Amino acid sequence: MIVCLPTDAATLLPAMKKHRPDVILFLAMMLIGIIPFAGRPAIAADDRPPNVVVIFIDDMGFADPSCFGNPAMKTPNIDRLAAEGIRLTNFYVNSPICSASRVALTTGRYQQQYRIHSFLATRKSNRQRKMPNWLDPDAPTLAKLLQQAGYRTAHFGKWHMGGGRDVGDAPLPQAYGFDESLVSFEGLGDRILWQKTGNQKLSWTHGRGKILDLPKHRTTETYVDHAIEFLKANQQRPFYLRVFPNDVHDTHSPSERQASKWQGSSDNPPDEAFFAVLDEMDRQIGRLLDTLDTLKLSKNTLVLLTSDNGPTDWPRYYEAGHQPPGFTGPFFGRKWSLYEGGIRMPFIARLPGRIPADRLNDSTIMAAIDVLPTVAAICGVTDQITQSDGIDLSDALLGQKVQRDQPVFWEYGVHGSIQPGKAEHQSPSLAMRDGRWKLLCNPDSSRVQLFDLTADPGETKNLADEQPATVHAMKQQLLGWWQKMDAHYVQKPKAASTRSAVGKTRDAVSVQHQSTSQGRSAASPNIVHIIADDLGWNDVGFHGSDIKTPALDQLAEQSVVLDRFYVTPICSPTRAGVMTGRYPFRFGIWGGVCNPNARHGLPPQEVTTAEVLSNAGYPHRAMFGKWHLGLASDLFHPLKHGFNHFYGHYNGAIDYFSHKRHGQLDWHRGYDASEDEGYSTDLIGREASKYIRDHAAGDPFYMVVAFNAPHSPIQAKRKVLDQYGFDPQGDLAPNTDRRLAKREKAPNYGKAGRGNTVRQTFAAMVTSMDENIRQILDEIDKQGIAENTIVVFHSDNGGTPTHGGDNSPLRGNKFDTWEGGVRVVAMIRWPQQLPAGQRFTSVASYVDLLPTIAAAAGTTPPQGCDGKNLLPYLSGSQTPPERSIILGAHAVVSDHWKRVDDQYFRIADDPTESEPVKDVPADVAGRLSDALSGFETIQGSAFETQLAKPDVWPPVDWKLPSEPDRLH
């Protein structure tokens, strides 16, 4: 047998040998394919690289563990870990505050590289301090490195690198390499919340994960519970586990049982609750260590334990005449300070058989940014590191004497942050340690302080005047480093692109062009336009529906909700008006849909949003899902109307599983049939997400995602039906399109995927659509482009009760110009420009979308557009004028009034249209009548194909026949 190694094996194996001689065979076998990677059968325990567990405690001081000098209590489980491993007394975190410290540990890079210098808070607060709303998901992480090497990964505990407060669109931990997660209120996904007020209030509304409502004193226990289950489930494969307690961050809230043990234990009242919380956290760490022992995993598991910054220093403790709880040992300063007590942390590493037991290292200077390269070396994945500010100090952990060969730098407070409660703890904003020396100063060279930490670890004697040469050399390095870091906070304009030559002025609103807060610097926004099909007013959770729509509910919280958004009462006309910004009756798409045998479609002379954006420099313009604007000629194809990518179907009402209509496949990529298998809603969502992923980094993109859900036929996936109590032994709902199936001689049309009732099936269809919208929104977040991406959502018309829709409490349904047929769920999100969580109560219309999008893109709509640019009204910079929107030949609506046939309603006060008004003011009647009279004036004829009717119909795979463009 001849085995060929990959070309990089010759360089890879020596690197592995240096750090992991006991796993050379394992790694070599992975390279040649004998042992599989992640997702395949487990490998033998003896051949596995080490597992990794990182315990990162919140606000624990250097001397809080008794093995580091706690004078008041014991921490037996932390002490046990230290006795079985090595303690480092010169370990530093890279920031004296939580978010920034976590970013450095997670990425192996100075947190200023990602503009995170303090704690992440509200959008406004982040913006004021020049910070993004979350860590760039493209940042390198240890989790990604190990995940790629076949490790199973999990994060249980405090996140605080994006999400929470009013930031509901941050990427989930999965975007950073974690397979599983459970966080707290300063993160998203599955999370623990313990109060419904304050900083946690909005987290209850964000969706995107299960919420555990637990008291704070149970958080660490719950994180450890999840960690234990994770260990049990992954004991046959390598794993990387992070347990990041919220403890011992104040406020300290022990249970009565926990608190009773420590009553009367200190003359300083805050200590008692702190001791109780620290004691309970130590007990939970013991449970975790015991599980590693029980599962026989300890021998091959690297365990690291440290803290994110020094102990609390809130002014309230001093104001009450107390001392803040938590011990810093011999060091000066506390949290929020660059003195040693704020950044020098206890550090323990254990790996039995490789790391010597009960060892003390008091000479090696190590920082949090070194953890990634150090662990990577021990696990044999250093070749995968592409960027790191840290260095590999694995030899120090393995018991060797190692001297750090480069300095460590700090910055805190330059762009604003919390300061210590005790004035003398407030340090200069820059610091540097190099060997025995530590220098502190401000960016303007003021407050220069130099300490010899070998002789003076408590920083009591400033030697700056005595050591001018040392100060000069170190200050040059420190200020040079800070100059490079501070450059990341400067917004850089994007280089000119082809669209800069368009030279169009903005229409009625000035949209500031600035770089996004998440990486890609862009002037014009990306635009994602999502359209639902036949979604009723009462078919979304935030309207009180029984249907589960967490993604749409969260999107509504982040958007300006268009509470009075009007469309036509049927599919094709609405879609035509959306595409053109013009009333569709102007060009004959009215009174019905572009049905399968119709001869008309969207006229080539009509200018679409895609064409407007093409002229404005948008090179990527995609249409996904339902088109429904003509099938008789390729002149009606999306690729002939400004789009350069199409994936979806031409007809309405296709079968969700077979993708057929009239027995022929109607699923296409470009002009060609595409025999993709799967539920159509999922295929649309998956393709749209991929498009975002493929185009996020370049020029701006525009995409329309037109789901055919929840339009009939009523078909759902079994696993989603199960969410609504589907009984496989029970009766099935009728096929509500059985007459259509009979007429089209397609007996299996619409039969698959029925639930027990029509409403149950419809609900599952809506939930599937919502899940795919979540996938799209998550991809936007993951790519770091949410701040400057516009997301528009609306339905094409109201719901149909026959097929499961519900428009209550509105009157009427699809096909009606009553509110239930034409007033639909709608919203617009643009974090960079529009306020979140607002409700726009003036009328808005489907024809307003083109001019609104054009304005956002920095161009103007074509002449003859019937819609208005909504941006100045949505942003609050202008008051919307009174206007009338034509709903049909006999219906018109304005902010306060609506006319249907000869009935008038005070629609703002009577949205259910239950009380017709008899005495209508003459000016109101005149204004609405004038608007309706315009319908007859502007109604135009349809644009029909000149091709002969085909001999064979329906065409095979709904191939659109080619026709010359007679307009050119």
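Along each chain, numbering runs from 1 in the same order as the chain's sequence is written. Only residues with pLDDT of at least 70 get local features here, since the model is predicted, and only at 80 or more are side-chain atom pairs given and counted; chain-wide, interface and lining totals rely on the full set of residues. To obtain the side-chain values, all non-hydrogen atoms of the structure were used and water was disregarded.

The chain appears in an unreviewed UniProt entry as Arylsulfatase from Crateriforma conspicua.

### Brief notes about the environment of Gly286
Heads up, the rule is: Strands here are runs of E lasting at least two residues and helices are runs of H or I lasting at least four, both read from the DSSP assignment and numbered beginning at the N terminus. It only takes one pair of heavy atoms within 4.5 Å for two residues to be counted as in contact.
By secondary structure assignment, the location of Gly286 is in helix α9 (residues 270-294). Once the C-alpha coordinates of Gly286 and Ile78 are considered, the two residues, 208 residues apart in sequence, prove to be 7.7 Å apart. Apart from residues lying up to four places away in sequence, Gly286 is in contact with Asn77 and Arg80.

### Regarding the pairing of strand β7 (residues 239-244)
How we decide: Throughout this description, buried means an accessible area under 20% of the type-specific maximum (1.4 Å probe, protein chains only), exposed means over 50%, and partly exposed covers the range between. Two strands are counted as paired when DSSP detects at least two bridges linking them.
Burial analysis of β7 places 6 of its 6 residues in the buried class, the great majority of the element. Across 4 bridges, the pairing between strand β1 (residues 51-57) and β7 is parallel. Residue pairing in the sheet places Val53 in a bridge with Leu241 of β7. Inspection of the sheet shows strand β3 (residues 152-157) paired to β7 by 6 bridges, in the parallel sense. From the neighbouring strand, His155 faces β7, where its bridge partner is Arg242.

### A closer look at the nonpolar core
The criterion, for reference: What we call a nonpolar core is a set of buried Ala, Val, Leu, Ile, Met, Phe, Trp, Tyr and Cys residues that are connected through their side-chain atoms within 4.5 Å.
By size, the foremost hydrophobic cluster in this structure holds 145 residues, and its most contacted members are Met703, Val705 and Phe793. Here this core gets 10 residues from one element, more than from any other, and that element is helix α21 (residues 758-782). Ignoring sequence-local partners within four residues, the contact set of Val705 consists of Val528, His529, Ile530, Ile531, Phe624, Ile684, Ala688 and Ile776. With 64 residues, the next largest nonpolar core counts Leu602, Val704, Ala826 and Val843 among its residues.

### Here's the deal with the sheet that holds strand β30 (residues 884-888)
As a reminder of what qualifies: Simply put, an axis is a line fit to the C-alpha atoms, just over the touching stretch for a helix, and the angle between two N-to-C directions goes from 0 to 180 degrees.
As summarised here, the arrangement of the 4 strands in space is β30-β31-β32-β33, forming an open sheet in which the pairing is antiparallel. The open sheet has two edge strands with one neighbour each: β30 and β33 (903-905). Mean inter-strand twist for the sheet, computed between neighbouring axes without regard to direction, equals 20 degrees. Relative to strand β31 (residues 891-894), β30 runs antiparallel, the two being bridged by 4 bridges. Paired with Ser884 across the bridge in β31 is Ser894. Along the sheet, helix α25 (residues 922-938) makes contact with β30, β31, β32 (898-900) and β33, crossing β30 at roughly 50 degrees.

### Here we look at the pattern of salt bridges
Put simply, the rule reads: Here, a salt bridge means any Lys or Arg side-chain nitrogen found within 4 Å of an Asp or Glu carboxyl oxygen.
Enumeration according to the criterion identifies 58 salt bridges in this entry. A salt bridge links Glu819 to Lys898, with the shortest nitrogen-to-oxygen separation between them at 2.8 Å. Residue Glu819 is located in helix α22 (residues 819-822), and its partner Lys898 is located in strand β32; the two are separated by 79 residues in the primary sequence. Owing to a relative accessible area of 0%, Glu819 belongs among the buried residues under this scheme. A relative accessible area of 0% places Lys898 in the buried class.

### Side note on the side chain of Asp533
Structurally, Asp533 can be placed in the loop between β16 (526-532) and α15 (550-558). Non-local contacts of Asp533, meaning those with residues more than four positions away in its chain, are made with Cys571, Arg575, Lys626, Phe707, Asn708, Ala709, Pro710, His711, Ser795 and Asp796.

### Focus: helix α7 (residues 219-233)
The following threshold applies: One less than the number of residues in a helix, times 1.5 Å, gives the span that helix is expected to have.
Its 15 residues give α7 an end-to-end C-alpha distance of 21 Å, which sits within 8% of 21 Å, the value for a rise of 1.5 Å per residue. For α7, the full list of buried residues reads Thr219, Thr220, Thr222, Tyr223, Val224, Ala227, Ile228, Phe230 and Leu231. In this structure, the buried side of α7 is in contact with β3, β4 (180-182), β5 (191-193), β6 (211-213), β7 and α9.

### Thoughts on the UniProt feature "domain: Sulfatase N-terminal" (unreviewed entry) in the chain
Applicable threshold: UniProt positions are given in the numbering used here, feature names are shortened, and annotations may be inferred rather than shown by experiment.
In this numbering, the UniProt entry assigns the feature "domain: Sulfatase N-terminal" (unreviewed entry) to residues 50-380 and 525-858. Here residues 50-380 runs as 28% helix and 16% strand, with 9 Å between its end C-alpha atoms. The span residues 525-858 is 27% helical and 19% strand by assignment, and the distance between its end C-alpha atoms comes to 9 Å.

### Some thoughts on the domain arrangement of the chain
Let me state the cut-off plainly: Residue ranges for the domains trace back to a domain assignment, done automatically or taken from a database. Buried area is calculated as the accessible area (1.4 Å probe) missing from two parts once they are joined, with the contributions of both summed. Throughout this description, a polar contact denotes any pair of N or O atoms lying within 3.5 Å of each other; where both atoms belong to protein, one of them has to be capable of donating a hydrogen while the other can accept it, and for residues adjacent in sequence the pair is counted only when both atoms sit in side chains. Polar here means any residue other than Ala, Val, Leu, Ile, Met, Phe, Trp, Tyr, Cys and Pro, which are nonpolar, and Asp, Glu, Lys and Arg, which are charged; Gly is therefore polar.
Looking at the chain, the domain boundaries give domain 1 (51-416), domain 2 (428-489) and domain 3 (563-938). The C-alpha centroid of domain 2 is placed 27 Å from the C-alpha centroid of domain 1. Counting the surface domain 1 buries against domain 2, the share from its top three residues, Tyr339, Phe409 and Trp410, is 26%. Taken together, the links from domain 1 to domain 2 amount to 1 salt bridge. Of the charged contacts in the structure, one is a salt bridge between Lys438 and Glu340, with a shortest N-O distance of 2.8 Å. The interface formed by domain 1 and domain 2 includes 11 residue pairs in polar contact (both at pLDDT 80 or more). Going through the elements one at a time, β2 (86-92), α11 (340-343) and β12 (408-411) are the ones with two or more residues in the side of domain 1 that touches domain 2. Among the elements that make up the side of domain 1 that touches domain 2, the one with the highest residue count is β12 (4 residues). In terms of residue class, the side of domain 1 that touches domain 2 is made up of 16 nonpolar, 5 polar and 5 charged.

### Side note on helix α3 (residues 76-83)
Along α3, the positions that sit buried rather than exposed are Asn77, Ile78, Arg80, Leu81 and Ala82. Contacts from the buried residues of α3 go to β1, β2, α9, β8 (301-307) and β9 (344-350).

### Let's talk about the pairing of strand β26 (residues 789-795)
Remark: a regular strand shows side chains that alternate across the two faces of the sheet. Burial runs high along β26: 7 of the 7 residues are buried. Burial of β26 is two-sided: the residues Thr789, Val791, Phe793 and Ser795 facing one way and the residues Ile790, Val792 and His794 facing the other way are all buried. Inspection of the sheet shows β16 paired to β26 by 7 bridges, in the parallel sense. Bridge pairing in β26 links Val528 to Val791. Of the strand pairs in this sheet, β26 and strand β28 (residues 826-829) are connected by 4 bridges, and their pairing is antiparallel.

### Re the packing of aromatic side chains
Heads up, the rule is: Centres within 6.5 Å make a pair out of two Phe, Tyr or Trp rings, where for Trp the six-membered ring is used; the pair is then stacked when the planes are under 30 degrees apart, edge-to-face when over 60, and tilted otherwise. We call a charge positioned over a ring when the NZ of a Lys or the CZ of an Arg lies within 6 Å of the ring centre and within 35 degrees of the ring normal.
Enumeration according to the criterion identifies 35 aromatic pairs in this entry. Ring centres 4.4 Å apart and planes at 25 degrees place the aromatic pair Phe91 and Phe347 in the stacked group. Here Phe91 is found in strand β2, whereas its partner Phe347 is found in strand β9, with 256 residues between them in sequence. Assessed through its relative accessible area of 1%, Phe347 is described here as buried. In textbook terms, an aromatic cluster arises when at least three aromatic residues are bridged by ring pairs, as seen for Tyr110, Phe409, Trp481 and Trp482. The ring of Tyr724 has Lys548 lying over it, and the distance from NZ or CZ to the ring centre is 5.1 Å.

### Some remarks on the sheet that holds strand β15 (residues 449-452)
Strand order in this open sheet of 4 strands is β12-β13-β14-β15, and the pairing throughout is antiparallel. In the strand order of this sheet, the two ends are held by β12 and β15, each with one partner. This sheet shows a mean twist of 15 degrees between the axes of neighbouring strands, independent of strand direction. Note: strand β14 (residues 437-441) against β15, 4 bridges, orientation antiparallel. Residue pairing across strands places Leu440 opposite Gln449, the latter belonging to β15. Lying over the sheet, helix α14 (residues 468-486) contacts β12, β13 (430-434), β14 and β15, oriented at roughly 60 degrees with respect to β14.

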